[in-house]
Each structure stands twice: as C-alpha cells, then as structure tokens.
Amino acid sequence: MSLNQLNEIKQENVREVSVPLEISQIKEFFENKELFFIVDYSKSKIKGSMFLTYISNLELPSEIYLGGATKEEKFEILKIFMETRNLCRSDVLRFTVAQILLTYRNLDSRAVIENSLLSKEECAEFIASNVDLLKRWNTFLESTLIFTLTSFQALDEEFKFSTSFEVIDDANYLGNNVVQLFSIPHFMESFFSVPAMGPNYYFKAQFREYMFKGKNLFEYFYCEENTIVAIFSGLVEGRVGPEEFEKLKEIQV
C-alpha cells in the first residue's frame, strides 16, 4: 500500500510512528495485517540511508511523512533514495523525484504531480546541487528506448539494437529506485515529450540482470501506466513497417 490508497484504509488501522519501531508496534503489526504506518522522518531517531534501509527491510505497508522535515532533511532523503540499491516503496519520494526530473527537462510537472513535496524554488535548488545525479537518471531513462527495442528478440536480431550503442556496464551507475517511476501515470509520456538531452546507451547490468530485488527491469518497465510500452507494442503488431524501425537506429550516440 501507499499514500494514495489511504482513503481505502480504515482510520483505526492507521498508525503514525517514528523509527525504530517499538517492539509493541511490531507485535501489533504481526497480529493485524490491516495496519498501515505513516512514518514521520523528522521524529525518527534513525536518519539518512539507515532510515530507508530500515523501512525497506521491514517491508511494512507504510508511507513516509516529510511534512515536519527541514529542507536539508528532505534533500538528504531524496538524494539517498536516488542513490541507494535498496528498493524503498514510497509515493512521496518517487513522485517528488519525478517532479525533479521533469523540471530538469524544463517540463511542467503539474500534469503528473498534484501535491508537490518541494516548492519550485526548492526543486531548482536540489537540481543545482545534484546535477551529475540528475544527469545519470536522465540518461538512463532516455536509454530505456534502447531497452524497449532490445526486449523484442526478433527485432533485435534483425536490427542489432543491442550492439549499435555504446555499452555502460556499471551496476552502480544509478540507484535502483529508478524502476519505480515507470508506474507513475503519464510520467514516461511527459518525460519523452521533449527531445533527448544526450546520447543513448546500452546499460548491460540494468537491462539484463535480476538486480531489482530479485526482479529484472522488464518486470517494472512493462506496466499499464508506461505508455511507451503501448506505443512500441503497436509497432510490433505491424502498424508500422520496417523502414520506421530503420530510422530508430539513427539515434545519435
């Protein structure tokens, strides 16, 4: 569960907590699987990377509350979320990162993000302080077009997409939580509404390995919310001829 599902949860099952949880709170969860935890970051004794690790390892149905956090605390947890290899399910964090990335691409994020954690000024400040990190996420997301093409074996065998682009073989190139952006409604559609900002690459580890909590990229990328998938599925179904696929090979690298 996540924050956008709170209206479906009975109020008596919502618990506002800080971490580490008390033993009694953990015991209550094991006795009542209907509980949903709102974890207040500012009141938690565990901070930074250990906070997200703790939340991820417990696998509690929860959401992070950053309403009482300082700007520095919000920036800290967002950066860690973008860098860590641990998958942490949080609508607050993934929607805010989506807001940041769309802003980085000079796009209006309001069509995707309704309630922003960061103000316009804070978003600009975070980008200015983390340019390299944003560039890496942006490069990977742009390169998912290559992943889409190589996912269709027959197409890849014919057009050699997986060997037509420079390879990046670095499992630590960016944090694993990038896979949580694909299921945000309209995000990928908005992301690709402007031209690419740089070259595309074939990410060997991210495209091939089961490195996302035992799952591969395909498990996250191919979802109903990712409209890019629908577009390419239409191509594969024959609504576009081979000449259009040839044009895809002309993407500059």
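Residues numbered from 1 in each chain as written. Predicted model: local features only at pLDDT ≥ 70, side-chain atom pairs only at ≥ 80, totals over all residues. Heavy atoms only, no water.

Chemist: Looking at this model, I keep getting lost on helix H4 (residues 91-104). Mind explaining?
Modeler: Helical geometry note: an α-helix holds 3.6 residues per turn, so side chains three or four residues apart project in the same direction. Counted at 1.5 Å a residue, the expected span for H4 with its 14 residues is 20 Å, and the 20 Å between its end C-alpha atoms agrees. Positive phi appears at Asn-106, one or two residues downstream of H4, with a value of about 60 degrees. (Helix = DSSP H or I, 4+ residues; strand = E, 2+ residues; numbered from the N terminus. Expected span 1.5 Å × (residues − 1).)

Chemist: How should the packing of helix H3 (residues 71-83) against H4 be read in this particular structure?
Modeler: In helix packing, the relevant descriptors are the interaxial angle and the interaxial distance, both defined with respect to the helix axes. Relative to each other, H3 and H4 sit at 90 degrees, their axes nearing to 10 Å. Considering their axes alone, H3 and H4 lie roughly perpendicular with respect to each other. Counting all contacts with H3, which are made through Ile-77, Leu-78, Phe-81 and Met-82, the residues of H4 involved are Leu-93, Arg-94, Thr-96, Val-97 and Ile-100. Of the residues that constitute the contact of H3 with H4, the class distribution is seven nonpolar, one polar and one charged. (Axes fitted to C-alpha atoms, helices over the stretch in contact; angles between N-to-C directions. Parallel < 35°, antiparallel > 145°, perpendicular 65-115°, else oblique. Contact = heavy atoms within 4.5 Å. Nonpolar A, V, L, I, M, F, W, Y, C, P; charged D, E, K, R; others polar.)

Chemist: Help me understand the sheet that holds strand S3 (residues 62-65) in this model?
Modeler: By way of backbone hydrogen bonds, the strands of a sheet pair with one another, either parallel or antiparallel. On the basis of which strands lie adjacent, the open sheet formed by three strands has the order S1-S2-S3 and parallel pairing. Each edge of the open sheet carries a strand with a single partner, namely strand S1 (14-17) and S3. Taken over all neighbouring pairs, the strand axes of this sheet differ in orientation by 20 degrees on average, direction set aside. Two strands pair when backbone bridges link them, and strand S2 (residues 36-40) and S3 are joined in this way by four bridges, in the parallel orientation. By the bridge assignment for S3, Val-39 is matched with Ile-64. (Pairing = 2+ DSSP bridges.)

Chemist: Would you take a moment to explain the nonpolar core for this structure?
Modeler: One recurring pattern in soluble globular proteins: nonpolar side chains tend to sit buried together. Core analysis: the largest hydrophobic core is formed by 78 residues, its most contacted members being Phe-51 and Phe-187. Take this core: its biggest share by element is nine residues, from H4. (Core = buried A, V, L, I, M, F, W, Y, C linked by side-chain atoms within 4.5 Å. Buried < 20%, exposed > 50% of the residue type's maximum accessible area, 1.4 Å probe, protein only.)

Chemist: Hey, could you run me through the packing of aromatic side chains in this one?
Modeler: How two aromatic rings sit relative to each other is set out by the distance from centre to centre and by the angle between their planes. Counted by the stated rule, this structure contains 19 aromatic pairs. Both rings, one in Tyr-41 and one in Phe-51, keep their centres 4.7 Å apart while their planes meet at 90 degrees; by these two values the pair is edge-to-face. One end of the pair, Tyr-41, is in the loop between S2 and helix H2 (48-58); the other, Phe-51, is in helix H2, with ten residues separating them in the sequence. The same class applies to Tyr-41 as to Phe-51, namely buried. On the basis of an interplanar angle of 90 degrees and a centroid distance of 5.2 Å, the ring pair of Tyr-202 and Phe-207 is categorised as edge-to-face. (Phe/Tyr/Trp six-rings, centres within 6.5 Å; stacked < 30°, edge-to-face > 60°.)

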